[in-house]
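Remarks on the overall topology
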Amino acid sequence: MTAFKNIILIGFMGCGKTTIGKRISDTLKMNFIDTDSLIQKNIGMSISQIFEEYGESEFRNIETKTCIELSDSFGNVIATGGGIIKNQKNVDALKKSGVFVYLKATPEFVYKNLKDDNSRPLLNVDDKLSKIRELMFQRVSSYEKYSDLTIDISEYSIENAVNIIIEDLKGLGML
Ligand code: S3P
């Protein structure tokens, strides 16, 4: 099983990359990595603390280092941070190691998942739904451009989404 390429989940904050990634990794007996958790572990601070202490640009540098470190790995399901597609270096590094699965979600779906969540510094604003719409509008073309496989996550239960992703990856000869 570990000869598999990495399965790399991309998509907006709160679309379910971590939850779905863990389920895929359990089903396929692959290792699970969450880039934000890895960053938090390596730096010894939460993502919010990193943003507060060092700013977004330093967080992005750390994020890029993490992607480069993962570029030679294989056999992992990797849940990425929603901003990973902002930097071509991240995309190039991760693309070397596997396939990109884009979990597509509506702003309303994301808002429902994150309305009571304070762990995303970019969404700690008064009008969270508008901010989600604004950021998603800026990013959606990149998610689409880089995806090898897209699933509209708002339409399925988690279990169905996991099964569809696995079957589609098999269909594409990626598993
Ligand atoms: C970010 C997404 C977050 C985290 C950071 C920035 C973004 O990860 O990396 O708060 O710019 O979209 P999740 O997508 O896992 O929430």
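A brief look at the structure comes next. (Residues numbered from 1 in each chain as written. Predicted model: local features only at pLDDT ≥ 70, side-chain atom pairs only at ≥ 80, totals over all residues. Heavy atoms only, no water.)

Below, the discussion takes up unusual backbone geometry. A positive phi is found at K29, a non-glycine position, where the angle reads about 55°. Position of K29 relative to the elements: it lies in the loop between α1 (17-28) and β2 (31-34). What makes K29 exposed here is its relative accessible area of 64%. (Helix = DSSP H or I, 4+ residues; strand = E, 2+ residues; numbered from the N terminus. Buried < 20%, exposed > 50% of the residue type's maximum accessible area, 1.4 Å probe, protein only.)

The space that makes up the largest pocket amounts to roughly 670 Å³. Forming the boundary of the largest pocket are 37 residues, of which M13, G14, T18, D36 and R120 lie nearest the centre. Among the secondary structure elements, those contributing two or more residues to the lining of the largest pocket are α1, α2 (35-43), α3 (47-54), α4 (56-70), α6 (107-114) and α8 (158-171). No other element matches the four residues that α1 contributes to the lining of the largest pocket. Tallied by class, the residues present in the lining of the largest pocket amount to 15 nonpolar, 15 polar and seven charged. (1 Å grid on protein atoms, 1.4 Å probe; cavity = no way out; pocket = protein on both sides within 12 Å on 5 of 7 lines; lining within 4 Å. Points joined across faces, edges and corners; volume = space filled by probe spheres on them. Nonpolar A, V, L, I, M, F, W, Y, C, P; charged D, E, K, R; others polar.)

Attention now moves to the pairing of strand β3 (residues 76-79). Along β3, one buried face is formed by N76 and I78 and the opposite face, lined by V77 and A79, is buried too. With three bridges connecting them, strand β1 (residues 6-10) and β3 associate as parallel partners. Opposite L9, over in β3, you have A79 as the bridge partner. Pairing between β2 and β3: four bridges, direction parallel. When the bridges of β3 are listed, D34 appears paired with A79. (Pairing = 2+ DSSP bridges.)

Read from one edge to the other, the open sheet built from five strands follows the order β2-β3-β1-β4-β5, with strand pairing classed as parallel. Looking along the sheet, the strands with just one partner apiece sit at the ends: β2 and β5 (149-152). Strand-to-strand twist across the sheet, computed as the mean angle between neighbouring axes with direction ignored, equals 20°. Across the sheet, α1 is in contact with β1, β2, β3 and β4 (98-104); its angle to β1 comes to roughly 160°. Helix α7 (residues 128-146) contacts β1 and β4 of the sheet and is inclined by roughly 140° relative to β4. (Axes fitted to C-alpha atoms, helices over the stretch in contact; angles between N-to-C directions. Contact = heavy atoms within 4.5 Å.)

With 15 residues, α4 extends 21 Å from end C-alpha to end C-alpha; this agrees with the ideal 21 Å at 1.5 Å per step. Within the sequence span of α4, burial applies to F59, R60, I62, E63, T64, T66, C67 and L70. (Expected span 1.5 Å × (residues − 1).)

What follows is about the site of the ligand. Every one of the 13 residues lining the ligand counts as a neighbour, but K17, D36, R60, R120 and R139 are closest to it. In the model, an oxygen atom of the ligand is placed 2.5 Å from a nitrogen or oxygen of the K17 side chain. Between the ligand and G83, the relevant distance is 3.2 Å, taken from an oxygen atom to a main-chain nitrogen or oxygen of the residue. Burial of the ligand by the protein amounts to 96% of the accessible area it has alone, namely 390 Å². With respect to the pocket detection grid, the ligand is positioned in the largest pocket. Class assignment for the residues of the shell around the ligand results in five nonpolar, three polar and five charged. (Near = heavy atom within 4 Å. Polar contact = N/O pair within 3.5 Å; in protein donor to acceptor, adjacent residues only side chain to side chain. Areas by Shrake-Rupley, 256 points an atom, 1.4 Å probe, with all protein chains shown as cover. Sits in = over half its atoms within 2 Å of the grid points.)

Let us now look at the environment of Y156. In this fold, Y156 is placed in the loop between β5 and α8. Of the residues examined, Y156 reaches a relative accessible area of 36% and is grouped as partly exposed. When sequence neighbours within four positions are dropped, the list of residues in contact with Y156 reads I151, A161 and I164.

Right, let's get into the environment of D116. Here D116 lies in the loop between α6 and α7. Separated by 43 residues in sequence, D116 and S73 place their C-alpha atoms 35 Å apart.

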